[in-house]
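Spelled out, the chains give:
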Amino acid sequence: MLGGQKYSLKEKKEKALKFIESVTENADVVQQRVLSEILAANAHVEYLQRHGLNGHTDRETFKKLMPVITYDHIQPDINRIANGDTSQILCSKPISEFLTSSGTSGGERKLMPTIEEELERSSLIYSLLMPVMSQYVPELETGKGMYFLFVKSEAKTPGGLVARPALTSYYKSSHFKQRPYDPYTNYTSPNETILCPDSYQSMYSQLLCGLCQNNEVLRVGAVFASGFIRAIRFLENHWPILCKDIESGTLNSQITDPSVRESVSKILKPDPKLAGFIATECGKKSWQGIITRLWTNTKYVDVIVTGTMSQYIPTLDFYSNGLPLVCTMYASSECYFGVNLNPMCKPSEVSYTLIPTMCYFEFLPVNKNNGVSSDSVVSVPESLNEQEQLQLVDLVDVKLGQEYELVVTTYAGLYRYRVGDLLRVAGFKNKAPQFNFICRKNVVLSIDSDKTDEAELQNAVKNAVTHLVPFDAIVGEYTSYADTSTIPGHYVLFWELSLNGSTPIPPSVFEDCCLAIEESLNSVYRQGRASDKSIGPLEIKIVEAGTFDKLMDYAISLGASINQYKTPRCVKFAPIVELLNSRVVSNYFSPNCPKWVPGHKQWCKNHD
């Protein structure tokens, strides 16, 4: 039997690697077929008819007639579907649910339509990951992965469709729950612990199961670096009671979910020796290398550390003793896109090969203005004129070193949709390009899956400063910073005040300002604060008068033009953060969590 399993595993691996070779070698042919399949299947949908496509499935007509769009263009169509219109608006197949994006529109999560068969495409991407990985790290099939995976809350649209994040949708699907036994997807966490909606019970039980099976663990991870670090912090705070459970073989009474208790009881057995070992390691003064100390056979940490997640690399290196940090795949709510074919590379060199069968890819060249500093936010025009629409290039026509914005046409009803990700061509696998993920456009602050842009931050500050009016004070200048030195990380705003009144401003007023900012931010941020606990309380730091002049002097000393200098609304460059911190006179934190409810505000109003 074992020999047979080995053989089928080898066969599976060869099949996956052959598939990658084939689709990358014939990337353009595959892309033409994908576009033609999408357009033929959806020839009669209202959206394509509206633009006069009339059943054409060729690339030239498609590019000539179909506009390049953002979410705002299709929001009226999305709203119709959300409100229960089942006619073929965007897609000929029924929309099975909405995947909620971490990007927002009007402060609410964007809703991406999806269809049942998309789960097969996402499962395909997952099936490629371990065959690729096993080329670099042998014998992974002999042990387990300790992955901290979580479901998030979901809501129903007025028309009755479920709206939830893409990963929650995948974990709740039969593709994940009823996956056939595969040594590559053999996790320490039972499904019931992953699917538990209570984040405390889920984290506690997953950590407990990971500790009980510590000798079997060969790889550890989470989706994002921030989530993995939160698991380590949870262990720091709760190891004494976890050890007590392991010593006695009984699960803590705080864990009340019956399915979780049942699944954990199959793993948890009294083990005083293991409990003692864990207590000794966790009780040591330094937690450096705690991953390799507790899970001694771990070969790598599997987390996303590209884009804004790169800010967590030093913390991960500290806890893991410098284990390789592996980014395996690239996906979003719109679609699963590609895989990293060189997973053991350095985080700064990660590139993703887009798999040509996933959707039809196009690329909008991004012309960066000269003199853009590393702290600036890349901004791309929201709507394109005809000339700009003609600049889009196909997958096989991108140029090495050039930066592009990703545009996709999916099987689920998005046509020439701008995802908002900026990518740089790093190389090629056969005919298919490999891309470095640069950033999400227009994002200034991000801790977890939240994305706050400059306009939103500006509006939030404007709402907060009304609390200062009775004291005849105004915020003369401000900037912001995503502080990841705390776990969880939190937003910091540096304010320089102009004080005209003589009444001192009490601390409670600044705390009210903190909360007012949080209440003004988008629902993804507020969910992270109030429900997921993945973001800490917002902090305002008041700096001495003249601080922002010093900031300008420093920028000019580095070569900025005095005529073009604008106060950056977000800072990342360590010396600038240090300069600001050295001039802080007082600081204040948000006293409460901002209000948040699952689903869009207008749906809740409809229910009232």
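Further up the page is the structure itself.
Computed from a prediction, not measured in an experiment: that's the story for all the values here.

Draft legend 1. Structural view of the overall build of the chain. Check the secondary structure of the chain and you find 22 helices and 22 strands. Taken against the 2.2 N^0.38 rule, which gives 25 Å for 608 residues, the C-alpha radius of gyration of the chain at 25 Å falls within 12% of a compact globule. The principal-axis extent of the C-alpha atoms belonging to the chain is close to 80 × 70 × 55 Å. A total of 608 residues make up the chain; the buried ones form 54% of that total. Looking at the chain alone, contacts between residues at least 24 apart form 71% of all its contacts between residues at least 6 apart. Split by element, the accessible area of the chain, about 26000 Å² in all, is 52% carbon and sulfur. Taking the average place of the 59 positive charges on the side chains of the chain and the average place of its 66 negative ones, the gap between the two points comes to 4 Å.

Draft legend 2. Representation of the side chain of Ser446. By the element assignment, Ser446 lies in the loop between strand S17 (443–445) and strand S18 (452–453). Relative accessible area serves as the criterion here: at 6%, Ser446 is assigned to the buried category.

Draft legend 3. Geometry of the sheet that holds strand S3 (residues 144–148). Spatial ordering of the open sheet is given by S3-S6-S7-S8, a layout of 4 strands whose pairing is parallel. The outermost strands of the open sheet, each flanked by one partner alone, are S3 and strand S8 (325–326). For strand S7 (residues 300–304) and S8, the ladder comprises 2 bridges, and the chain directions are parallel. In the sheet register, Val301 faces S8, and the bridge partner there is Leu325. Running at roughly 120 degrees to strand S6 (residues 217–224), helix H11 (residues 225–248) makes contact with S3, S6 and S7 of the sheet.

Draft legend 4. Geometry of the pattern of salt bridges. This model, assessed by the stated rule, comprises 33 salt bridges. A salt bridge links Glu362 to Lys63; the nearest nitrogen and oxygen atoms lie 3.0 Å apart. Highlighted residues: Glu362 in strand S12 (residues 360–365) and Lys63 in helix H4 (residues 59–65), separated in sequence by 299 residues. Residue classification places Glu362 among the buried positions, given a relative accessible area of 0%. Measuring nitrogen to oxygen at the nearest pair gives 3.1 Å for the salt bridge that ties Arg164 to Glu154. A residue pair is termed long-range when its members are at least 10 positions apart, and Arg164 in strand S5 (residues 162–164) and Glu154 in the loop between S3 and strand S4 (155–156) qualify at 10 residues. A cluster of three or more residues bridged by salt bridges with shared partners is formed by Asp28, Arg59, Lys63, Glu362, Asp394 and Arg416.

Draft legend 5. Just the sheet that holds strand S20 (residues 490–499), in detail. Across the sheet, which stays open at both edges, the 4 strands sit in the order S19-S20-S21-S22 with mixed pairing between neighbours. Two strands lie at the open edges of the sheet, namely strand S19 (473–483) and strand S22 (584–589), each paired on one side alone. Each strand axis lies, on average, 25 degrees off the axis of its neighbour in the sheet, ignoring direction. As judged from the 5 bridges shared by strand S21 (residues 539–543) and S22, these two strands associate in the antiparallel manner. What sits directly across from Lys541, in S22, is Asn587.

Draft legend 6. Region of the structure containing the nonpolar core. Ranked by size, the top nonpolar core spans 171 residues in total, and within it Phe228, Phe361, Phe363, Leu406, Leu468 and Trp495 carry the most contacts. The dominant element in this core, judged by the number of residues it contributes, is H11, at 11 residues. When residues no more than four places from it in sequence are discounted, the contact partners of Phe361 are Gln31, Phe337, Leu354, Ile355, Pro356, Asp394, Leu395, Leu406, Val407 and Val408. If you look at the next biggest cluster of nonpolar residues, it comprises 9 residues, including Phe494, Val543, Leu551 and Val571.

Draft legend 7. The pairing of S19, seen in detail. Where S19 and S20 come together, 10 bridges link them in antiparallel fashion. Following the sheet pairing, Ser480 is matched in S20 by Leu493. With antiparallel pairing between neighbouring strands as the criterion, S19 and S20 make up a hairpin whose turn holds 6 residues.

Definitions and limits used
- Residues numbered from 1 in each chain as written.
- Predicted model: local features only at pLDDT ≥ 70, side-chain atom pairs only at ≥ 80, totals over all residues.
- Heavy atoms only, no water.
- Helix = DSSP H or I, 4+ residues; strand = E, 2+ residues; numbered from the N terminus.
- Rg over C-alpha atoms; globule rule 2.2 N^0.38 Å.
- Buried < 20%, exposed > 50% of the residue type's maximum accessible area, 1.4 Å probe, protein only.
- Contact = heavy atoms within 4.5 Å.
- Areas by Shrake-Rupley, 256 points an atom, 1.4 Å probe, with all protein chains shown as cover.
- Lys, Arg positive; Asp, Glu negative; His and termini not counted.
- Charge placed at Lys NZ, Arg CZ, Asp CG, Glu CD.
- Pairing = 2+ DSSP bridges.
- Axes fitted to C-alpha atoms, helices over the stretch in contact; angles between N-to-C directions.
- Salt bridge = Lys/Arg side-chain N within 4 Å of Asp/Glu carboxyl O.
- Core = buried A, V, L, I, M, F, W, Y, C linked by side-chain atoms within 4.5 Å.

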